[in-house]
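Architecture at a glance
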Amino acid sequence: MSSVTAPTQAPAANPLREGLEQERVPDASSLVIFGASGDLTGRKLLPALYSLAHDGLLPAGQTIIGFARPDFTDDAFRMAMREACDKYARTRPVDNAIWENFAKGLFYVQGDFSEPSGYYRLNQKLQECDRTRGTGGRRIYYLAVPPQFFPVISELLGAEKMVTDPERGGPFTRVIIEKPFGHDLQSAKELNRVAVSTFRERQVFRIDHYLGKETVQNLLVLRFANGIFEPFWNRQYIDHVQITVAESIGVEKRGNYFDSAGITRDIIQNHMMQLLSLIAMEPPVAFEADPVRDEKVKVVRALREFPRGSEEENAVRGQYADGSVLGEKAVAYRKESNVSPESKTETFAAMKVFVDNWRWADVPFYLRAGKRLPKRVTDISIHFRPAPYPMWRKLRGVSTQPNVLAIRIQPDEGISLKFDSKVPGPSVRTAPVTMEFRYATSFGAEPPEAYERLLLETMLGDSTLFARRDEVETAWAWLDPLLNAWAADTRPPDFYPAGTWGPESADKLIERDGRKWRRP
Ligand code: BG6
């Protein structure tokens, strides 16, 4: 772990977050954001960095350098980023004194991703910051750019000698890569090949922002810090598991990207695989990057292959048609801008999958993800087997229901346990009741944004919360046959009105097994 230097400011005095602050403070480094004029920088990255500074978690001297093609001065960049933080930072309103101090470490270098001259200027700036801000040659390159720029950026960083080799010691260089990490197995392998031609695997931080969410991290704590759950966490007690990632938004302005991706590549291959791995993994030997990721990748490796020739048997794809979401009219996917009017791209997918190992043999995991569903909710539910012998089965008013442990990833983060209880009164009647834990009530504070945690972890050099090369490739290897089968299928996806829970075929997928989707 890095040594502790004085934080920029004392932690914000928020008694409700007492004891929740991160104790580790990284060494100051220069964080270069490639693609600094893009949406992600203003919406997520700078607000997250500012909030870290606000909470006293950034080291003194931490430097951020935006790199992109438009011609900005440092001041113009600072102004644009201040506006972004005013709009999006978790810790709002922005505190002027904290901002002033933070903005002193904010710079901009103009450059084209494929022009060595820009890298030369960047390198000069980095060296200047080493002298003036104590960044000591430590570098983090954040590639907030479409994947096609990744090869040229890493090649030029290498050619300009801006990457150190950790095997030789000295200050670190790390690279953060945004999704999409490939389009299929072959392209993911190619990206990985490019990555490791300039960097070593332990320098590569592949972002999956779901891993930065507090509630996602809590899956490990729930399972492995408590004695009561683990004994039941297996095929003997669990009937099935459901994972839902529902969004009410459509594709917004991302028609171009989404139409060539679809929900399976956008959500299932990455975010959903992370949730599934954390739910199904074996206890790691240590809470460290490799032991945790070793266990996660074993889950993906154990996923049952889609049956050859009938890959679509346990999978459904849908696409939203005209409808209304949260009381507002919503147009069909095919009418969205930059989407082909004949598009077959799926905006909804549901599938039944199996983790073929000792713990989970024959326990179905039902996964579904979709856009333009009735609401935004990410929910994991563990459905337990019923009690072995319902003694009251002949009595009226007694119908026992299976216990459900529901983990609400977002919003209204929390965990609830549903069980049957006796209805008060002289006769035996039962009704399901719920025991609830809510983050907001128990901890009284907004959890930090995913990007805050992930940026901090990169500065600390801890890649536990990042996807490893084999995780990404194994997930693609598993999904490719289904995606290929869908691509070859000339039929359109099953349509569903915007604002509903997907096509009827998704209901049938689970109902034919005598089960139902939970309404989260
Ligand atoms: C992104 C997807 O990775 O995750 C988006 O590209 C999606 O399409 C987003 O909207 C969902 O993230 P969150 O944090 O809002 O659940």
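Before going into details, it helps to say that this report is about the structure given with it. In this text, all values refer to a predicted model and were calculated from it rather than measured experimentally.

**Quick look at the packing of helix α1 (residues 39–54) against helix α3 (residues 96–103)**
In contact at an axis separation of 10 Å, α1 and α3 are set at 115° when each is read in the N-to-C sense. It follows that α1 is roughly perpendicular to α3 by the angle criterion. Handedness of the α1/α3 crossing: right-handed. Here Leu 46, Leu 49, Tyr 50, Ala 53 and His 54 of α1 come into contact with α3, specifically with Ile 98, Trp 99 and Phe 102. Considered class by class, the residues forming the contact of α1 with α3 number 7 nonpolar, 1 polar and no charged.

**Observations regarding the site of the ligand**
Within the structure, the ligand sits among Lys 179, His 209, Tyr 210, Lys 213, Glu 247, Arg 254, Asp 266, His 271, Lys 371, Arg 376 and Gln 410. In the environment of the ligand, an oxygen atom lies 2.8 Å from a nitrogen or oxygen atom belonging to the side chain of Lys 179. In the environment of the ligand, an oxygen atom lies 2.7 Å from a nitrogen or oxygen atom belonging to the side chain of Gln 410. Looking at the shell around the ligand residue by residue, the classes come out as 1 nonpolar, 3 polar and 7 charged.

**Thoughts on empty space enclosed by the protein**
For the structure shown, the criterion picks out 3 cavities of 30 Å³ or more. In this structure, the largest cavity occupies an estimated 210 Å³ of space. In this structure, the largest cavity is lined by 17 residues; those nearest its centre are Asp 208, Gln 269, Asn 270, Ala 467 and Val 472. Sorting the residues of the lining of the largest cavity by element identifies α9 (263–280) and α13 (469–488) as the ones contributing at least two each. Here the lining of the largest cavity takes 5 residues from α9, the largest share from any one element. For the lining of the largest cavity, the per-class residue count stands at 8 nonpolar, 4 polar and 5 charged.

The rules behind the values
- Residues numbered from 1 in each chain as written.
- Predicted model: local features only at pLDDT ≥ 70, side-chain atom pairs only at ≥ 80, totals over all residues.
- Heavy atoms only, no water.
- Axes fitted to C-alpha atoms, helices over the stretch in contact; angles between N-to-C directions.
- Helix = DSSP H or I, 4+ residues; strand = E, 2+ residues; numbered from the N terminus.
- Parallel < 35°, antiparallel > 145°, perpendicular 65-115°, else oblique.
- Left-handed = near helix turned anticlockwise from the far one by under 90°.
- Contact = heavy atoms within 4.5 Å.
- Nonpolar A, V, L, I, M, F, W, Y, C, P; charged D, E, K, R; others polar.
- Near = heavy atom within 4 Å.
- Polar contact = N/O pair within 3.5 Å; in protein donor to acceptor, adjacent residues only side chain to side chain.
- 1 Å grid on protein atoms, 1.4 Å probe; cavity = no way out; pocket = protein on both sides within 12 Å on 5 of 7 lines; lining within 4 Å.
- Points joined across faces, edges and corners; volume = space filled by probe spheres on them.

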